[in-house]
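Structural overview for review
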Amino acid sequence: MAARTTTGLIVAIDGPAGSGKSSAARLLAKRLGYLYLDTGALYRAVGWKALKEKADLRDEEALRGLCAGLDLVATPHRDGTKVYVDGRDITGEIRTPEVSRAAAAVAAAPAVRRRLLEVQRAVGKNVGPEGGVVVEGRDIGTVVFPEAPVKFFLDASTEIRVKRRYRELKQQGLAVDLTGTRREIDMRDLSDASREVAPLRPAEDAIRIDSTALGQEEVVAAMVAAIEEKAGR
Ligand code: DC
């Protein structure tokens, strides 16, 4: 059932890996009849391309060059975001641990963040008065759409985030173990929080939700209630 809510909004959702923000964003978009822009998919697309070109993931100049020639298109839908590089749909190829690591590395490069800022804001501009988009990432409420009228910061304990990520990778049929998954989450937490440009932190006006003990439905119900309250219903 669609929620009774307003249209034309940008809803920002930020949080660390495994906080449940992708599932929450997808479900919320469906509830509201909004589009869902998964901005992590854009960083993953750049990481994917960098791996393909065997670029040095720590070399800012190399990444700047890669971004300059990058043909990247992102299309938000109700149930996810499709990404195309050089006209090829790579949506299904960017979920591997290898691409996760590459995405976290390239996300530290200012040239990459600048390029992706344009892509993300262009999607936001296309949201007409009848539309609405749930944008999910790490710096949406702080950098990409600081004027978003509704912002959420989702978090959960490290233990539960590792378990969720492990389950997700298993479901994709990848051979993973809990120790390796823990290492991946720790590495990504560190690079998200410590990079100089747009580090992960809650916007001052973000509504914080701890999803450690909450199911997806409960998280989304809390979000819908907050949005309706903002909209004065
Ligand atoms: O949400 P995700 O796991 O798909 O994101 C992949 C990487 O992209 C993550 O390690 C951090 C980076 N990222 C970012 O720096 N800023 C965003 N808005 C979204 C993702």
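Above: the structure in question.
In this report, the structure presented in the accompanying data block is examined. Keep in mind that what you see is a predicted model, and the values were worked out from it rather than measured.

**Some thoughts on the pattern of salt bridges**
Enumeration according to the criterion identifies 18 salt bridges in this entry. For R95, the salt bridge is made with D38, and the minimal N-O distance between the two is 3.0 Å. Of the two residues, R95 is situated in the loop between β5 (88-89) and α4 (97-106) and D38 in strand β2 (residues 35-38); the sequence distance between them amounts to 57 residues. Exposure remark for D38: the relative accessible area of 8% places this residue in the buried category. Among the salt bridges present, the one from D86 reaches K49, with a minimum N-O distance of 2.7 Å. Separated by 37 residues along the polypeptide, D86 in the loop between β4 (81-85) and β5 and K49 in helix α2 (residues 40-52) bring together distant segments of the chain. Judged by its relative accessible area of 12%, K49 falls in the buried class. Through salt bridges with shared partners, a single network forms among R165, E168, E184 and R188.

**Here we look at the site of the ligand**
Taken together, 17 residues lie near the ligand, and R44, R113, R138, D139 and R188 sit nearest. Contact between the ligand and R113: an oxygen atom at 2.8 Å from a side-chain N or O atom of the residue. Measuring from a nitrogen atom of the ligand, one finds a side-chain N or O atom of D139 at 2.9 Å. Taking 440 Å² as the accessible area of the ligand by itself, protein coverage stands at 97%. Looking at the shell around the ligand, the elements with two or more residues in it are α2, α4 and α8 (178-194). Per element, the largest residue contribution to the shell around the ligand is three residues, and it comes from α2. Residue classes in the shell around the ligand are distributed as five nonpolar, three polar and nine charged.

**Considering the sheet that holds β5**
Spatially, three strands are ordered β3-β4-β5 in an open sheet, and the strand pairing comes out antiparallel. One side of each edge strand has no neighbouring strand; the edge strands of this open sheet are β3 (72-76) and β5. Where α2 meets the sheet, it contacts β3, β4 and β5, and its direction lies at approximately 25° from that of β4.

**Description of helix α7 (residues 158-171)**
Relative to the 20 Å expected for 14 residues at 1.5 Å per residue, α7 spans 20 Å between its end C-alpha atoms, a close match to the ideal helical length. Residues of α7 that are buried make contact with α2, α4, β7 (150-155) and α8. Positioned one or two residues after α7, G173 has a phi angle of 80°, which is positive.

**Looking at α2**
Compared with the 18 Å implied by 1.5 Å per residue over 13 residues, the 18 Å span of α2 between its first and last C-alpha is a close match. Along α2, the residues classified as buried are A41, L42, Y43, R44, A45, V46, G47, W48, K49 and A50. The positive-phi residue at the C-terminal boundary of α2 is K54, with phi of around 55°.

**A short note on unusual backbone geometry**
Positioned with a positive phi, K54 is a non-glycine residue whose angle comes to about 55°. Within the element layout of this structure, K54 appears in the loop between α2 and α3 (60-68). Look at K54 and you get exposed, because its relative accessible area is 74%.

**Remarks on the pairing of strand β1 (residues 10-14)**
Judged by how many residues are buried, β1 sits mostly within the fold: five of five residues are covered. Residues I10, A12 and D14 of β1 are buried on one face, and the alternating residues V11 and I13, pointing to the opposite face, are buried as well. Sheet analysis places β1 next to strand β6 (residues 133-137), joined by five bridges and oriented parallel. Paired with A12 across the bridge in β6 is V135. Here β1 runs beside β7; their pairing, made up of four bridges, is parallel. If you follow D14 over to β7, its bridge partner there is F153.

**A closer look at the environment of A45**
Of note, A45 is situated in helix α2. In sequence terms A45 and V85 are 40 residues apart; their C-alpha atoms lie 7.1 Å from each other. If sequence neighbours within four positions are ignored, A45 has contacts with L72, V85, I90 and I94.

Calculation notes
- Residues numbered from 1 in each chain as written.
- Predicted model: local features only at pLDDT ≥ 70, side-chain atom pairs only at ≥ 80, totals over all residues.
- Heavy atoms only, no water.
- Salt bridge = Lys/Arg side-chain N within 4 Å of Asp/Glu carboxyl O.
- Helix = DSSP H or I, 4+ residues; strand = E, 2+ residues; numbered from the N terminus.
- Buried < 20%, exposed > 50% of the residue type's maximum accessible area, 1.4 Å probe, protein only.
- Near = heavy atom within 4 Å.
- Polar contact = N/O pair within 3.5 Å; in protein donor to acceptor, adjacent residues only side chain to side chain.
- Areas by Shrake-Rupley, 256 points an atom, 1.4 Å probe, with all protein chains shown as cover.
- Nonpolar A, V, L, I, M, F, W, Y, C, P; charged D, E, K, R; others polar.
- Pairing = 2+ DSSP bridges.
- Contact = heavy atoms within 4.5 Å.
- Axes fitted to C-alpha atoms, helices over the stretch in contact; angles between N-to-C directions.
- Expected span 1.5 Å × (residues − 1).

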